[in-house]
Amino acid sequence: MKSIFEQQGGIYTVQGDYRLPNLIPPTEEKHPIGVWGQRRLKYLKHHRKVLYYNLLTSGKLHSHLADVEEQAQDLFSQLVKEYAEKEGITKQLKSTDQMKWVQKMNNIRERVVETVYSDVVFV
């Protein structure tokens with residue numbers, strides 16, 4: 001009679017008198033993981049350990065991090081553009097008062113980073 005593990009497609013390895021299950025997680029495609037994905041990984045390891053281990057053992061961790069990376073980059077780009085338009089930060093301002101443009105864009109980027117953290121990375 002097969003065990004539940006064997007019925008699910010699991011395989012055992014015999015080591016001496018013991019049968020040990022082969023618990024190697026499935027391989028997954030490697031996608032580039034940037035700063036957002038790395039921050040998500042660190043967050044999962046420290047604050048969402050059960051989710052981290054579930055993703056790791058199911059072989060879905062890397063694809064999850066790649067998805068978070070893509071979502072975070074898209075949201076970041078969209079919000080920076082949106083905020084700059086709302087606040088009237090233009091190329092003309094950049095050419096006339098470069099320091100003011102840099103100051104305003106840095107302020108926008110910092111606000112957007114906090115939004116991306118709260119909406120995508122630290123969820």
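Note: the structure precedes this text.
First, a word on scope: everything that follows refers to the structure included in this document. This one's a predicted model, so the numbers in the text were calculated from it and none came from an experiment.

What counts and what doesn't
Residues numbered from 1 in each chain as written. Predicted model: local features only at pLDDT ≥ 70, side-chain atom pairs only at ≥ 80, totals over all residues. Heavy atoms only, no water. Core = buried A, V, L, I, M, F, W, Y, C linked by side-chain atoms within 4.5 Å. Buried < 20%, exposed > 50% of the residue type's maximum accessible area, 1.4 Å probe, protein only. Contact = heavy atoms within 4.5 Å. Pairing = 2+ DSSP bridges. Helix = DSSP H or I, 4+ residues; strand = E, 2+ residues; numbered from the N terminus. Phe/Tyr/Trp six-rings, centres within 6.5 Å; stacked < 30°, edge-to-face > 60°.

**Digging into the nonpolar core**
Residues W36, F76, I89, M105, I108, V112 and V116 are the most contacted members of the largest nonpolar core, which totals 20 residues. With residues near it in sequence (within four places) discarded, F76 still touches W36, R109, V112, V113 and V116. Core analysis: the next-biggest nonpolar cluster, separate from the first, contains 7 residues, L44, L55, L61 and L65 among them.

**Here's the deal with the pairing of strand β1 (residues 12-15)**
Side chains on a regular strand alternate between the two faces of the sheet. As defined by bridge partners, β1 adjoins strand β2 (residues 18-21) across 4 bridges and the pair is classed as antiparallel. Bridging from a neighbouring strand, T13 pairs with L20 of β2. Counted between consecutive antiparallel strands, the loop separating β1 from β2 contains 2 residues, among which G16 sits at a positive phi close to 65°.

**Let's talk about the packing of aromatic side chains**
Following the criterion strictly, the structure yields 5 aromatic pairs and no others. On the basis of an interplanar angle of 45° and a centroid distance of 5.2 Å, the ring pair of Y43 and F122 is categorised as tilted. Taken together, the residues span a long stretch of sequence, with Y43 in helix α2 (residues 35-47) and F122 in the segment after α6 (98-121) at a distance of 79 residues. Residue class for Y43 comes out buried when judged on its relative accessible area of 16%.

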